[in-house]
Structure formats: C-alpha cells, structure tokens
Amino acid sequence: MTPACTAPDASPTARAGARAWALALGLLALSLLGLAWGASVGSTGFDSLLRARHDPVAWQIVWDIRLPRTLGAWLAGALLGLAGAVAQGLFRNPLADPFLLGSASGAALAVAVAYAALGTGSMVAGGGGVALLQAASPWLARLGMTGAAFVGALGGVLLALVLARGVQQTLRLLLAGVVVGFVLGAVRDLVQLAQPDVLQAMQGFTLGITGMVGWGACAVMAAVLAPLLVAAWVLARVLDALSLGEATARSLGLPLGPLRALLIAVLALATGAAVAQTGLIGFVGLVAPHLARARARSTHGPLVLLSALVGGLLLMLADIASRLVIAPQELPVGVLTAVLGGLYLLWLMHRRSGLGG
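The structure displayed is predicted, hence computed values, not measured ones.

Colleague: Give a description of the pattern of salt bridges that names residues and reports values.
Modeller: Taken as a whole, this structure holds four salt bridges when the rule is applied. With a closest N to O distance of 3.7 Å, Asp 189 and Arg 188 form a salt bridge. Each of Arg 69, Asp 319, Arg 323 and Glu 330 takes part in a single network of salt bridges with overlapping partners.

Quick look at the structure:
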C-alpha cells in the first residue's frame, strides 16, 4: 500500500523534472542550429560557409568572425539569463533584472573614465588603440577596456552592499542598488560632458554590441559561466526557501546572510562578465526567466539552467536578426533586445490583466 500512496505525490514532481530536462535538451539543439545559422549570416552571405573548406578568406570570415560572434552572443545571453533568474529569486520580484544592483552603471562609468583618460574616442575605430593606452596610462593598458568594465560592474555592486550595510535586508539592498545606479549614471554623464569625444566612444558600449567578440572573449565568458551555473544549482534550494518568505527560510535553519552574499556574488560575476564583453544589453536577463518559468514550472535548480539556455538562445537569435534587419548594415543588438523585450513584457501585462479581469 505504501507505493500506491506515495505515487500520486511523486508523479507530478517526476513529470516536472522530465519536462524541464526535455526542454533543456530542446534548447541546446536549437542553440546548435542557431550557431550554424549565425555562421552563414554576414555581408558575404551563405557563400562563405560553402567555400570555407577551400577558400582561406572564406574560412577566416566564418571561423574568426562569425562563429565567435555568434557563440559569444550565446554565452553573454546565458550569463544574463542566469543572473536574471538569481536576481528574481533573490529579491522575490519578477521585474528584477541583472542590472539592479548598479553593475551596469558601474561598468559604464569605468569605461567612460578609461576613455576620458585617453582623451580621445579613437579606440572605437581600433586605430592605435594599444599605443594610446600605453601612452595615457600603463596600468590602464594592462587592464584594458574589458577589464575596466568588469571592475566597474563589481565596484557598483560592492558600493550598493556598503550603502545597504550588508545583505541582511533585501529591501534595503534593492533601494541601495537603485540609488547607486542613478548616482553612477549621473557621474558618467558628467564625464561625457567634460570630454565630448567620450560620448561617441561610449555609443557602442551603451547600445550593446556583439560584433567585436572573439575567441578570447568566448573563452573568458565560458570560464565564468561554467562554475557559476554549478554554484547557482547548489544554491537553488536557498532561492526556493526565500520564495516562501525570509521567516520561513530562517525557520529551516539556513544561514541567510552568507548564502545571500554568495548569490549576490554569482549575480555580480555573471553580469560583469557579460557586460564587459558585449556592453549594456537589456531585457535578456529580465525576459529569459519569464519564458523559462512559463514553459517549465519547476524549482530554482532547473529554472536557473533553463534561464541560462533561454537567455543564450534569445541573444543569439537577436544577434543574427541584427545582421539581417537592415543588411548589409547592422543594428546594435541591444536596441533590438530592448524593442522585442519591451513588446513581450507589454503583451505579458495585457494577458495577465485580461486573465485577472
């Protein structure tokens, strides 16, 4: 009689787990197809892919430009999707996004200060950039723009933690992140006003670009994504407990302070790694957990994995679309994700209000 009594309780959980894993495999398959599609999209068209085996120039276009760009878009989207799932679970707010704790503003300010230290916007064009960095500041040359963005993102999160006096109160931390975002954004605007060339140099960073991503950037993002996925999976039960309320989580005997700090570290590192390589790409980290949650109702363990896969697929498809919409020119991918993400959220609000009515 015991198996017959426990079967009804175990069956829904098993079905939800099987559905989540099936969805994960489907997303991986679609991502591989998207990678192949992205390798065939560009100014020279599909011919470069067909001639890649026999034409060194076509091979260089496919292998050194298109493939790392498409894979880099997937990795950046996966990092943002993972960060979005952690942020929404940590703050128990479906509108939380990876940039909530001031990481985006910190990264943008650091890049603006780096450009201002050069006194020129020619780094965007790439001409003499390394020489300019060496001449302006040796330590800045060693750090680089990518490193500056990463350090700035982590600095914004640390400043929010200082203002919130730790991680004990979620509401205080949330408000501190909002304040830090506004203040650092204002400081960045002052830097751009003081150095007008910085405004042009910052345009690509603030709009979000994937065209400059190479194999090195892919390696960095993959090296960050893999351990963060494991850490988020291990800490998923903390997010499950927090979804029931902090009082319930404390009653389970969980040390919320250290565990919440670890979750914030996962959020900050994932966001910083993505922003440092591709700039400010919005809405991916906000929308990806919603899509994953709508397709597979599960605990936060499978949810963080599915959110990363959905985020990667979303940004990869947005990158491909940005090359096709106004070909042979390209749209900044951040503009496209903002439009599509905003439309999706408006549709979601309309649908929920209709259901509520």
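Here the narrative resumes.
Colleague: Give me empty space enclosed by the protein: which residues, what numbers.
Modeller: On inspection of all chains with the given rule, the structure shows one cavity of 30 Å³ or more. Taken as a whole, the largest cavity holds about 40 Å³ of empty space. As for the largest cavity, its lining consists of Ala 20, Trp 21, Ala 24, Trp 233, Pro 302, Leu 305 and Leu 306. Taken together, the elements giving at least two residues each to the lining of the largest cavity come down to α1 (2-39) and α14 (300-324). Grouping the amino acids of the lining of the largest cavity by side-chain chemistry returns seven nonpolar, no polar and no charged.

Colleague: Can you tell me about the packing of helix α3 (residues 56-91) against α14, naming the residues and giving the values?
Modeller: At a closest axis distance of 6 Å, the pairing of α3 and α14 adopts a crossing angle of 140 degrees. Viewed along their axes, α3 and α14 adopt a mutual orientation that is oblique. For the pair α3 and α14, the crossing hand works out as right-handed. Grouping the constituent residues of the contact of α3 with α14 by class yields 12 nonpolar, nine polar and four charged.

Procedures and definitions
- Sequence positions are assigned chain by chain, starting from 1 and proceeding in written order.
- Per-residue local features of the predicted model are confined to residues with pLDDT of at least 70, and side-chain atom pairs are confined, for both listing and counting, to 80 or more; whole-chain, interface and lining totals are unaffected and use all residues.
- As a rule here, side-chain values come from all non-hydrogen atoms in the structure, and water together with hydrogens is ignored.
- Should a side-chain nitrogen of Lys or Arg be within 4 Å of a carboxyl oxygen of Asp or Glu, the pair is scored as a salt bridge.
- Using a grid of 1 Å spacing that covers the protein atoms alone, one calls a set of points a cavity when a 1.4 Å probe fits there but cannot get out, and a pocket when the set is open and has protein on both sides within 12 Å along at least five of seven lines; lining residues are those with an atom within 4 Å of a point.
- Grid points are joined across faces, edges and corners, and a volume is the space filled by probe spheres set on the points.
- By the criteria applied, helices consist of DSSP H or I runs no shorter than four residues and strands consist of E runs no shorter than two, each listed in order from the N terminus.
- Under this grouping Gly is polar, as are all residues other than the nonpolar Ala, Val, Leu, Ile, Met, Phe, Trp, Tyr, Cys and Pro and the charged Asp, Glu, Lys and Arg.
- Every axis corresponds to a line fitted to the C-alpha atoms, with the helix fit spanning only the stretch in contact, and the corresponding angles, defined between N-to-C directions, vary from 0 to 180 degrees.
- Small angles under 35 degrees read as roughly parallel and large ones over 145 as roughly antiparallel, with 65 to 115 read as roughly perpendicular and the rest as oblique.
- If you view the pair so one helix is near and one far, a crossing is left-handed when the near helix is turned anticlockwise from the far one by less than a right angle, and right-handed when it is turned clockwise.

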